[in-house]
Amino acid sequence: MYLHVAPSRPWPWMNLDVNSDLTDTTVVNQSWQGYPQNQFRNWTPDKVQRSKMFEKCSKDQTSTIYWMDVCDSENVVRFTIPDMGGNDPGTTKVPTKDQNKFWDMLQQNRPETIRVRWLFVDDLTQPVLRMLGTKYNIEPFFFTSSLHWTPSRYQDTLRHGKGDHITIVLPFLQSQQESRSPHTRQSPTDPKAWDSVTDTLIDIQAPFSTGDGHVLFFDVLAIHMVRDVKENTIISYHPESKGHRTPAKHLRSLIQFVGESMYWQKIFGKSKDPTFLFLAILWYALREWDESLDLLFRHVSELELQVLQLDNISLINDLHVLQARLLHYQSLLHDFEVAVTFIETTHNPAMESHEVTDEERTDSNALMNKECKNLLSEIDRLERRRMMLGSRLKNAMDFTFAIVNTEDSRRMQRFTYLTIVFLPASFTASIFGMNVMEIDNGTQTLAHYMMVTVVLTLVTIYIVVMLQEQNWVHRRRATLLQRAVWPIRSLWRIILPLQDMWVPQYRRSSTVIDVTA
């Protein structure tokens, strides 16, 4: 999928192993129904079919559009819900049977006080995709990257002093209560199971249960922005709103809360660059990352505790699966960082128009750099936390393997003790079996063999125990002299408790005899 994420790729959705006919004689429908060929001739029907642009659209018969306008009003920027007609203000349902009504709404002129119009699209259907693409001249790469959940960011349709188009598709990690998360598809990979592992592979795209009533899953921010001197438009694509994903209506309410923030009101008051709205919504992804890593921190702590208390080798599987996920999160956080850097370095060409003064342009750029640096520092904090979790997992895995090695050493030690018992007997038997006159003179008996075997066994045990620096007999850091007299010390440890038990009993019995006498 990464081969087809930006317009800079010369061969979008082409099979280079097959000779393609560059001559396209297909008659293109110039209405919105002819998208994408009505705007981009190189997107032939074969490329559209290979990209599955329309196949991956929502199968629902109705797409829902949530509108929001950012307006200038008496030195205050207001986030309002426009009345677009219908029963629910700010909401437009586009059924398959009455599609042209939404197309007519897109053609309406906006009031001059509207700084930005934001369209949150739920359940993107084919007709809505075609209409939005035709109206705003959107590169098909935005829809293909969004529908495939492929991280991407690019600028197109650049017009110096007038405007451009920018696109960001950013998958991110999110968490929810497990009871609120039905078992539905969460990404284009369509995992079939919720288990962390399968019999064949680790599915890092599948939802992950932390075991405390929460589940981690992937969501996506897919945003296309048309920046212009007169009209600015943001289109936010959302996967099917069923299940555990951020619905379009919820994201609209979050943007409204941004408008109520005094901090962001000051930013919107100092700069007319609509890109700050683009930047503000990325803080939502960062917030979800923060909450997800908090849950992972508790989950890793619980796994560490189980490793320390249970010494369970089966936990190594869970640790390895979580480590694989953290490695995947590293790439997603890197994409997040690159997306913010892209916004920081891709200045708005509309701010270069004569309607914006040099002072306003300088202040706006400085403010953009400052806010991007704030967001980048938070992403760096998340990455450091992810690295910390990875290090803790590695420590837990190393500790688990150390436990296994210790158990193997104990087994080998038991085998060594068994060898100590039989080695003197084997040695004595080999000596007595030698064909030497001094030994094999017919006077040796079984009693002689047993006596020599017992003596050698006791001597061997004495030497082995004495040479060990720590065992069940010696305490830690015992000197050589203390280890040399270990039989006496062991005997004393046995006699001393018996003495404490027998002496009081003897005294009591003596007292009873005296009283009787």
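Residues numbered from 1 in each chain as written. Predicted model: local features only at pLDDT ≥ 70, side-chain atom pairs only at ≥ 80, totals over all residues. Heavy atoms only, no water.

- The name given to the protein chain in an unreviewed UniProt entry is Cora-like Mg2+ transporter protein-domain-containing protein, and the organism recorded there is Suillus plorans.
- Regarding the protein chain, the UniProt comment filed under Subcellular location (unreviewed entry) reads as follows: "Cell membrane".
- The record held by UniProt for the protein chain lists under Sequence similarities (unreviewed entry) the comment "Belongs to the CorA metal ion transporter (MIT) (TC 1.A.35) family." (UniProt positions renumbered as here; feature names shortened; annotations may be inferred.)

### Re the overall build of the protein chain
Then, in step 1: Each helix and strand in the protein chain was counted, giving twelve helices and nine strands.
Then, in step 2: Expressed as a percentage of the 517 residues in the protein chain, the buried residues total 44%.
Then, in step 3: Taking all contacts inside the protein chain whose residues are at least 6 apart in sequence as the whole, residues at least 24 apart take part in 73%.
Then, in step 4: Of the roughly 28700 Å² that the protein chain leaves accessible, carbon and sulfur atoms contribute 56%. (Helix = DSSP H or I, 4+ residues; strand = E, 2+ residues; numbered from the N terminus. Buried < 20%, exposed > 50% of the residue type's maximum accessible area, 1.4 Å probe, protein only. Contact = heavy atoms within 4.5 Å. Areas by Shrake-Rupley, 256 points an atom, 1.4 Å probe, with all protein chains shown as cover.)

### Quick notes on the UniProt feature "coiled-coil region" (unreviewed entry) in the protein chain
Then, in step 1: Sequence positions flagged by UniProt for "coiled-coil region" (unreviewed entry) are, in local numbering, residues 365–392.
Then, in step 2: In residues 365–392, helix accounts for 100% and strand for 0%; the two terminal C-alpha atoms are 41 Å from one another.

### Side note on the confidence of the model for the protein chain
Then, in step 1: For the protein chain, the mean per-residue pLDDT works out to 81, and 82% of the residues sit at or above 70.
Then, in step 2: In this model residues 181–186 is a low-confidence stretch, pLDDT under 50, and it forms 25 contacts with partners more than four residues away in sequence or in other chains.
Then, in step 3: pLDDT under 50 marks residues 188–199. Its contacts with residues more than four places away, or in other chains, come to 27 contacts. (pLDDT = per-residue confidence, 0-100.)

### Quick word on the environment of Glu344
Then, in step 1: Within the secondary structure layout, Glu344 lies in helix α8 (residues 315–345).
Then, in step 2: Relative accessible area serves as the criterion here: at 10%, Glu344 is assigned to the buried category.
Then, in step 3: Taking the C-alpha atoms as reference points, Glu344 and Leu279, 65 residues apart in sequence, are found 9.2 Å from one another.
Then, in step 4: Side chain to side chain, Glu344 and Lys373 meet in a polar contact 2.5 Å long. (Polar contact = N/O pair within 3.5 Å; in protein donor to acceptor, adjacent residues only side chain to side chain.)

### Details of the packing of aromatic side chains
Then, in step 1: Under the defined criterion, the tally for this structure stands at twelve aromatic pairs.
Then, in step 2: Seen from their ring centres, Phe218 and Tyr329 are 6.1 Å apart, and the 75 degrees between their planes marks the pair as edge-to-face. Remark: Tyr329 occurs in helix α8 and Phe218 occurs in strand β8 (residues 214–228); sequence separation between them is 111 residues. In this structure, Phe218 and Tyr329 share a single accessibility class: buried.
Then, in step 3: Taken together, the aromatic side chains of Tyr35, Phe40, Phe142 and Phe143 make up a single cluster linked through ring pairs.
Then, in step 4: Of note, Arg130 hangs over the ring of Phe54, and the distance from its end group to the ring centre comes to 4.0 Å. (Phe/Tyr/Trp six-rings, centres within 6.5 Å; stacked < 30°, edge-to-face > 60°. Lys NZ or Arg CZ within 6 Å of the ring centre and 35° of its normal.)

### Considerations on the pairing of strand β1 (residues 62–73)
Then, in step 1: Burial analysis of β1 places nine of its twelve residues in the buried class, which makes it a mostly covered element.
Then, in step 2: Sheet topology places β1 next to strand β3 (residues 91–95); five bridges connect them, and they run antiparallel. Note on β3: the bridge partner recorded for Ile65 is Thr92.
Then, in step 3: As paired elements, β1 and strand β4 (residues 114–122) share eight bridges and run antiparallel to each other. Across the sheet, the residue bridging to Met68 is Trp118, located in β4.
Then, in step 4: Between the antiparallel neighbours β1 and strand β2 (residues 76–80) lie two residues, among them Glu74 with a positive phi of about 50 degrees. (Pairing = 2+ DSSP bridges.)

### As for the side chain of Ser292
Then, in step 1: Residue position: Ser292 is located in helix α7 (residues 275–310).
Then, in step 2: Ignoring sequence-local partners within four residues, the contact set of Ser292 consists of Leu173, Gln174, Ser175 and Leu216.

### Observations regarding the pattern of salt bridges
Then, in step 1: All chains considered together, the criterion is met by 18 salt bridges.
Then, in step 2: In this structure, Arg159 engages Asp228 in a salt bridge whose closest nitrogen and oxygen atoms are separated by 3.1 Å. Placement of Arg159 in strand β5 (residues 152–159) and of Asp228 in strand β8 is noted, with a sequence separation of 69 residues between them.
Then, in step 3: Among the charged side chains, a salt-bridge network with shared partners connects Arg287, Glu288 and Glu291. (Salt bridge = Lys/Arg side-chain N within 4 Å of Asp/Glu carboxyl O.)

### Quick look at the environment of Ala222
Then, in step 1: Relative to the helices and strands, Ala222 is located in strand β8.
Then, in step 2: Take Ala222: its relative accessible area is 0%, and that puts it in the buried class.
Then, in step 3: Ala222 sits 13 residues away from Ile235 along the chain, and the two C-alpha atoms are 8.3 Å apart.
Then, in step 4: When residues no more than four places from it in sequence are discounted, the contact partners of Ala222 are Phe142, Ser146, Ile168, Val169, Ile235, Ser236 and Tyr237.

### Details of the packing of helix α6 (residues 262–270) against helix α9 (residues 358–432)
Then, in step 1: Look at α6 against α9: their axes get within 11 Å of each other, and the N-to-C directions meet at 150 degrees. By the angle between their axes, α6 is roughly antiparallel relative to α9. From α6, Tyr263, Trp264, Ile267 and Lys270 reach across to α9, where they touch Leu367, Lys370, Glu371 and Asn374.
Then, in step 2: Here the contact of α6 with α9 is composed, by residue class, of four nonpolar, one polar and three charged. (Axes fitted to C-alpha atoms, helices over the stretch in contact; angles between N-to-C directions. Parallel < 35°, antiparallel > 145°, perpendicular 65-115°, else oblique. Nonpolar A, V, L, I, M, F, W, Y, C, P; charged D, E, K, R; others polar.)

### Thoughts on the pairing of β8
Then, in step 1: Across the 15 residues of β8, 15 count as buried, placing the element largely inside the fold.
Then, in step 2: Bridge count between strand β6 (residues 163–177) and β8: 15 bridges; the pairing is antiparallel. Directly across from Pro171, in β8, lies its bridge partner Val220.
Then, in step 3: Of the strand pairs in this sheet, strand β7 (residues 208–209) and β8 are connected by two bridges, and their pairing is antiparallel. Within β8, the residue paired with Ser209 across the bridge is Val215.
Then, in step 4: The turn joining β7 and β8, which pair antiparallel and follow one another in sequence, is formed by four residues; a positive phi near 85 degrees is taken by Gly211.
Then, in step 5: Pairing of β8 with strand β9 (residues 233–237) involves five bridges; the strand directions are antiparallel. Directly across from Met225, in β9, lies its bridge partner Ile234.
Then, in step 6: What sits between β8 and β9 in their antiparallel hairpin is a turn of four residues.

### Observations concerning the UniProt feature "transmembrane region" (unreviewed entry) in the protein chain
Then, in step 1: Per the UniProt record, "transmembrane region" (unreviewed entry) is annotated on residues 415–434 and 446–467.
Then, in step 2: Annotated as 90% helix and 0% strand, the span residues 415–434 places its first and last C-alpha atoms 28 Å apart.
Then, in step 3: Secondary structure content for residues 446–467 is 100% helix and 0% strand, and the end C-alpha separation is 32 Å.

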